[in-house]
Amino acid sequence: MTHSLLTWNIKTGAGGGRLDAVVALLVRERPDIVALQELRDFQRHDGRRMREVADALGMVAHLAPSAFGQPVAVLVRPPLTIAGRSTVRWRLHHAAAAVEVPTPAGPLTVVSTHLNPFRPYRRQREAGWLAHRHRAPLTLIAGDLNALDPDTAHTERLARLPELYRRRHLDRDGRPDTAAIGALRAAGFVDVWRAAGEGDGLTVPTTKGGGQEFSNAGMRLDYVMARPELAARASHARVIHGDEAEWASDHYPLAVELDLTTPY
């Protein structure tokens, strides 16, 4: 038996009636674990919106507030349980929510995060810090990493972006910035889509959900990065298209199957 994990940036709290579409897609996909980003206002009124979404999905949530108003969360579906949880705010532009989930394979650590969208150096520093904080064998870091894949040629694609967005992904020498993913890889993390992905992996933009500044330069900004011991258990990494995924956010969801049935 495998367990499914889904990560999704739902765009500023999925306002304007989009939250129902987000919930509908998650109900249909029925992932066992969900990493969500850009949960604006989900922490208000003692986390009422987060509880409402978790209840609608039949899941238990751990929400991490953000100093910049874009919380992140991890949700877990029973019979899986959350045995431990932690929140990071002060070292990150947004936040990180981490949970430990007991499984037959051993304790699984899931980190949902949203890295700096504006500054490559800060994005790299955030990635490296998270990678060294979370080093247990069955660990994954999932979310909107705002980062480019070192194994892809980006120059032509970036040239199609407006200047405002292009410079977010260029290093000080004007070259495509891949340092954040490079930092995670240097710390031993594996890009799960590279290991088990289907399709082109592009997660931005959606056809009807905004992000049209990327319309001529589709990008892969959302990742599941796992320690090697866990990446070896991954299969069927895929970007979800169609139906609500086309308009509920400017990012597509990314899903992966994990075999957690045998001990580590």
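As shown above, the structure is provided for reference.
Residues numbered from 1 in each chain as written. Predicted model: local features only at pLDDT ≥ 70, side-chain atom pairs only at ≥ 80, totals over all residues. Heavy atoms only, no water.

Caption draft 1: Representation of the overall build of the protein. Scanning the protein from N- to C-terminus turns up eight helices and 12 strands. In terms of overall size, the protein behaves like a compact globule, its C-alpha atoms giving a radius of gyration of 17 Å where 264 residues would be expected to give roughly 18 Å. Here the C-alpha coordinates of the protein stretch approximately 50 × 40 × 35 Å along the principal axes. Counting all 264 residues of the protein, 56% fall into the buried class. Sequence separation of 24 or more characterises 70% of the internal contacts of the protein that already satisfy a separation of 6 or more. Between the centroid of the 33 positive side chains of the protein and the centroid of its 30 negative side chains there is a distance of 6 Å. (Helix = DSSP H or I, 4+ residues; strand = E, 2+ residues; numbered from the N terminus. Rg over C-alpha atoms; globule rule 2.2 N^0.38 Å. Buried < 20%, exposed > 50% of the residue type's maximum accessible area, 1.4 Å probe, protein only. Contact = heavy atoms within 4.5 Å. Lys, Arg positive; Asp, Glu negative; His and termini not counted. Charge placed at Lys NZ, Arg CZ, Asp CG, Glu CD.)

Caption draft 2: Representation of helix α6 (residues 179-186). Those residues of α6 not exposed but buried are Ala-180, Ile-181, Ala-183 and Leu-184. Down the axis of α6, the sector holding all buried residues measures 155°, keeping them to one side. Against α3 (120-133), β8 (139-144) and β10 (222-226) lie the buried residues of α6. (Arc of directions from axis to C-beta.)

Caption draft 3: Just the pairing of β8, in detail. Of all the six residues making up β8, six are buried; the element is thus mostly covered by neighbouring parts of the structure. The handedness of the strand β7 (residues 108-114) to β8 crossover, carried by α3, is right-handed. When β8 meets β10, the two strands line up antiparallel, connected through five bridges. Within β10, the residue paired with Leu-140 across the bridge is Ala-226. (Right-handed = clockwise from strand over helix to strand, strands pointing away. Pairing = 2+ DSSP bridges.)

Caption draft 4: Region of interest: the packing of α3 against α6. Their axes nearest at 8 Å, the elements α3 and α6 cross at an angle of 20°. The orientation of α3 relative to α6 falls into the category roughly parallel. For the element pair α3 and α6, the recorded crossing hand is right-handed. Counted together, Arg-123, Gln-124, Ala-127, Gly-128 and Ala-131 of α3 and Ala-179, Ala-180, Ala-183 and Leu-184 of α6 form the full contact between these two elements. In the contact of α3 with α6, the residues fall into six nonpolar, two polar and one charged. (Axes fitted to C-alpha atoms, helices over the stretch in contact; angles between N-to-C directions. Parallel < 35°, antiparallel > 145°, perpendicular 65-115°, else oblique. Left-handed = near helix turned anticlockwise from the far one by under 90°. Nonpolar A, V, L, I, M, F, W, Y, C, P; charged D, E, K, R; others polar.)

Caption draft 5: Broad picture of the side chain of Arg-77. Tracing the backbone through its elements, the reader meets Arg-77 in the loop between β4 (72-76) and β5 (84-88). Buried and unpaired, Arg-77 has no salt bridge, with Asp-32 as the nearest side chain of opposite charge at 4.7 Å. Engagement of the side chain of Arg-77 in a polar contact is seen with the backbone oxygen of Pro-31, the distance being 3.0 Å. (Salt bridge = Lys/Arg side-chain N within 4 Å of Asp/Glu carboxyl O. Polar contact = N/O pair within 3.5 Å; in protein donor to acceptor, adjacent residues only side chain to side chain.)

Caption draft 6: Representation of the sheet that holds β8 within the structure. With mixed pairing, the six strands of this open sheet are ordered in space as β5-β6-β7-β8-β10-β9. Each of the sheet's edge strands pairs with one partner strand only, and the pair in question is β5 and β9 (190-191). Seen against the sheet, α3 touches β5, β6 (96-101), β7 and β8 and runs at an angle of roughly 155° to β5.

Caption draft 7: Structural view of unusual backbone geometry. A cis geometry characterises the amide bond from Pro-78 onward to Pro-79, with omega recorded as 15°. Assignment of secondary structure puts Pro-79 in the loop between β4 and β5. Here the amide bond leading from Val-204 into Pro-205 is cis, since omega sits at -5°, within 30 degrees of zero. As for its position among the elements, Pro-205 is in the loop between α7 (192-196) and β10. The phi dihedral of Thr-12 is positive, around 45°, even though this residue is not glycine. You can call Thr-12 partly exposed: its relative accessible area is 38%. Despite not being glycine, Asp-243 shows a phi value in the positive range, around 50°. As for its position among the elements, Asp-243 is in the loop between β11 (234-239) and β12 (254-259).

Caption draft 8: Summary view of a positive patch on the surface. Taken together, the side chains of Arg-91, Arg-119, Arg-122, Arg-125, Arg-133 and Arg-167 present a region of like positive charge at the surface. Its place among the elements puts Arg-119 in the loop between β7 and α3. (Patch = residues over 30% accessible without salt bridge, like charges linked within 9 Å, V, L, I, M, F, W, Y side chains within 5 Å. Areas by Shrake-Rupley, 256 points an atom, 1.4 Å probe, with all protein chains shown as cover.)

Caption draft 9: Quick look at the packing of aromatic side chains. Going through the model one piece at a time under the given rule, you end up with zero aromatic pairs. Taking NZ or CZ as reference, Arg-172 lies 5.9 Å from the ring centre of Tyr-121, over its face. The ring centre of Phe-189 lies 5.3 Å from the NZ or CZ of Arg-227, which sits over that ring. (Phe/Tyr/Trp six-rings, centres within 6.5 Å; stacked < 30°, edge-to-face > 60°. Lys NZ or Arg CZ within 6 Å of the ring centre and 35° of its normal.)

Caption draft 10: The arrangement of the environment of Val-76 in detail. Note that Val-76 resides in strand β4. If sequence neighbours within four positions are ignored, Val-76 has contacts with Asp-32, Met-59, Val-60, Thr-81, Ile-82, Val-99 and Val-101.

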